[in-house]
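# Overview (structure and organization)
Each chain, written out:
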Amino acid sequence: MTNSPFDLLVLLGCAQGFIWASLLWLNRTGNRTANRLLAVLIGLLALMSLALAIPIFNRWISLALDFLPLNMAMPIGPLIYFYAKSILDPAFRIGPTERLHFYPVVLDWGGSLIAWLFVGGVLLGFFPGQDHQAWGTIIDEYNTYVDIPRWVSMAVYVMLTRRFIQQHQPASNISNTAGHQLGLQWLKQLVRVFFVFQLIWTMHLVPYIIPGTRSALLDKFGWYPIYIPVALIIYWLGLKGYLHARNTPIDAAARSGSATSIPAEMVEKVVGLLTIAMQTDKLYLDPELTVEKISRHTQLPQRTVSFVLNQHLQKSFSTFVNEYRIEAVKGQLTNPANKHLTLMGVAYECGFNSQATFQRTFKQLTGLSPKQYASQQTAER
């Protein structure tokens, strides 16, 4: 059998994608988390291209396309977002909270799960084998309409990425290092490319979800108007991303703290903003307070907040916040109006969300357990 020129172009992009993904995954230069997030992103685009253009020269390949979820688009948006985070914050890591963003990938598995359900039902005698055409129609319809949440997901995360980049624009000369500037420029290009891709996808998606608008031209070219741009994105993303990883090593100040990339007067300004956020605005009362939240509140880059806390105040973010919470607890315990509250009731009101964290932190900062401190205050009164 022969492949069309469109298939060959998409397959070349697919092969190039697997090459770039491998190089990025194994690359030890620069930020390893960022390299691997980009590698997975490119690898998923390559898999999607393979599912469209692979030559079907025997029934096993046809079955593989039906039963293996090669077209996984739901993780692409989160990967773009977290890649941007890892570029601008070298300390960023994928944790349990971040993994929740990838759970919607089950929507990508839906068509394959339906196929497996049908085969299992036939083997167990629940469904007649001659119903395969009806089930095939269901799978085709599912695979068409699941593109709606895929499109929405990517659009939301591209907008979140754009907003995140804007928040990390350096104010004055805060975080105005060469590496930070290069990262911002690269990510702005990335967002623009995926924004243009979203527009192309939108124009192509409408006729598929509204069959009455489907034109003969669209039916003739199928999904190629989407996957040819994907092939081009793979080429561009792989080359530019790899060169960025090779030419932009991790900022030494962010890793070792031996360099001071923020002038003294700016450190004083940042400390002042953080102090106001705690003492006046009482952000510590939020039990889910994160560096990202305080960054948004103070209009400071996350990287700057972490750098000032770690290298100039010599404390972690959690220690910085918990110090204010402990002072609030001590104030509450000396207030007669709070006699009806338990120790943990006071702790929860002051921003703690874990009994173990509260007790451990209180003992570290006061030298007494919360109960001992409360008894001491009662005796002194």
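Small disclaimer: the values here were computed from a predicted structure and weren't measured.

Here the focus is the nonpolar core. One recurring pattern in soluble globular proteins: nonpolar side chains tend to sit buried together. Counting residues in each nonpolar core, the largest one holds 54 residues, and the members touching the most others are Ile76, Tyr83, Leu187, Phe194 and Leu237. When residues of this core are traced back to their parent elements, those giving at least two are helix H1 (5-26), helix H2 (32-53), helix H4 (76-88), helix H8 (147-167), helix H9 (178-209) and helix H11 (224-247). If you tally residues by element for this core, the top one is H2, at eleven residues. With 34 residues, the next largest nonpolar core counts Val267, Met278, Tyr284 and Phe317 among its residues.

Moving on to H4. In this model, H4 (13 residues) spans 19 Å end to end at C-alpha, consistent with the 18 Å of a helix rising 1.5 Å per residue. Counted residue by residue, H4 has 13 buried out of 13 residues, so it is predominantly covered.

Turning to H2, a few remarks are in order. Its 22 residues place the ends of H2 31 Å apart at the C-alpha level, agreeing with the 32 Å of an ideal helix rising 1.5 Å per residue. Two or three places before threonine 33, at the start of H2, stands the capping residue asparagine 31, its side-chain oxygen 3.0 Å from that residue's backbone nitrogen.

We now examine a nonpolar patch on the surface. Judged by side-chain polarity, Val106, Leu107, Trp109 and Leu113 come together as a nonpolar surface patch covering roughly 330 Å² of accessible area. Structurally, the position occupied by leucine 107 is in the loop between helix H5 (96-99) and helix H6 (110-123). The exposure class of leucine 107 is partly exposed, given its relative accessible area of 32%.

Attention now moves to unusual backbone geometry. With the exception of glycine, the majority of residues adopt a negative phi angle, and the majority of peptide bonds are in the trans configuration. In the Ramachandran plot, lysine 282 falls in the positive-phi region, its phi being about 55° despite a non-glycine side chain. Along the chain, lysine 282 falls in the loop between helix H13 (264-279) and helix H14 (291-298). The exposure class assigned to lysine 282 is partly exposed, which follows from its relative accessible area of 39%.

Running from N to C, H13 and helix H15 (residues 302-312) point in directions that differ by 100°, and their axes come no closer than 10 Å. If you check the angle between H13 and H15, you find them roughly perpendicular. Taking contact as the criterion, the partners of Val267, Val270, Val271 and Leu274 in H13 are, on H15, Thr304, Val305, Val308, Leu309 and His312. In terms of residue class, the contact of H13 with H15 is built from seven nonpolar, two polar and no charged.

Here the protein chain averages 84 in pLDDT, and 88% of its residues register 70 or above. Predicted confidence for residues 171-175 stays below pLDDT 50, and this span has 13 contacts to residues more than four positions away or in other chains. Below a pLDDT of 50 lies the segment residues 250-260, which in the model reaches 19 contacts outside its immediate sequence neighbourhood of four places, other chains included.

Taken as a whole, this structure holds 15 aromatic pairs when the rule is applied. Between phenylalanine 358 and phenylalanine 362 the ring centres are 5.8 Å apart and the planes differ by 65°, which places this aromatic pair in the edge-to-face class. On the criterion of helical spacing, the pair formed by phenylalanine 358 and phenylalanine 362 is a turn pair, its members being four residues apart in helix H18 (residues 355-366). What makes phenylalanine 358 buried here is its relative accessible area of 1%. Members of the aromatic cluster, joined through ring pairs, are Tyr81, Phe82, Phe102, Tyr157 and Phe164. Residue placement shows arginine 325 over the ring face of phenylalanine 352; its charged tip is 5.9 Å from the ring centre.

Below, the discussion takes up the environment of tyrosine 103. Mapped onto the elements, tyrosine 103 comes out in the loop between H5 and H6. Through-space distance from the C-alpha of tyrosine 103 to that of proline 75 is 8.3 Å; in sequence the pair is 28 residues apart.

If you walk through the whole model with that rule in mind, you get seven salt bridges. Residues lysine 85 and glutamate 292 are paired through a salt bridge, measuring 2.9 Å at the closest nitrogen-oxygen approach. Of this pair, lysine 85 sits in helix H4 while glutamate 292 sits in helix H14, and the two are 207 residues apart along the sequence. Given a relative accessible area of 8%, lysine 85 falls into the buried group. Glutamate 292 serves as the salt-bridge partner of arginine 296, at 3.5 Å between the closest nitrogen and oxygen. With arginine 296 and glutamate 292 both in helix H14 and four residues apart, this pair spans about one turn of that helix.

Following the sequence through the fold, proline 78 ends up in helix H4. Proline 78 sits 37 residues away from leucine 41 along the chain, and the two C-alpha atoms are 9.5 Å apart. In this structure proline 78 touches His101, Phe102, Ser153 and Tyr157, once residues within four positions along its chain are discounted.

Note that glutamine 198 resides in helix H9. Only 3.5 Å separates the side chain of glutamine 198 from the backbone oxygen of tryptophan 151, close enough to count as a polar contact. Among residues more than four places away in sequence, those in contact with glutamine 198 are Trp151, Met154 and Ala155.

The rules behind these values
- Residues numbered from 1 in each chain as written.
- Predicted model: local features only at pLDDT ≥ 70, side-chain atom pairs only at ≥ 80, totals over all residues.
- Heavy atoms only, no water.
- Core = buried A, V, L, I, M, F, W, Y, C linked by side-chain atoms within 4.5 Å.
- Buried < 20%, exposed > 50% of the residue type's maximum accessible area, 1.4 Å probe, protein only.
- Helix = DSSP H or I, 4+ residues; strand = E, 2+ residues; numbered from the N terminus.
- Expected span 1.5 Å × (residues − 1).
- Polar contact = N/O pair within 3.5 Å; in protein donor to acceptor, adjacent residues only side chain to side chain.
- Patch = residues over 30% accessible without salt bridge, like charges linked within 9 Å, V, L, I, M, F, W, Y side chains within 5 Å.
- Areas by Shrake-Rupley, 256 points an atom, 1.4 Å probe, with all protein chains shown as cover.
- Salt bridge = Lys/Arg side-chain N within 4 Å of Asp/Glu carboxyl O.
- Axes fitted to C-alpha atoms, helices over the stretch in contact; angles between N-to-C directions.
- Parallel < 35°, antiparallel > 145°, perpendicular 65-115°, else oblique.
- Contact = heavy atoms within 4.5 Å.
- Nonpolar A, V, L, I, M, F, W, Y, C, P; charged D, E, K, R; others polar.
- pLDDT = per-residue confidence, 0-100.
- Phe/Tyr/Trp six-rings, centres within 6.5 Å; stacked < 30°, edge-to-face > 60°.
- Lys NZ or Arg CZ within 6 Å of the ring centre and 35° of its normal.

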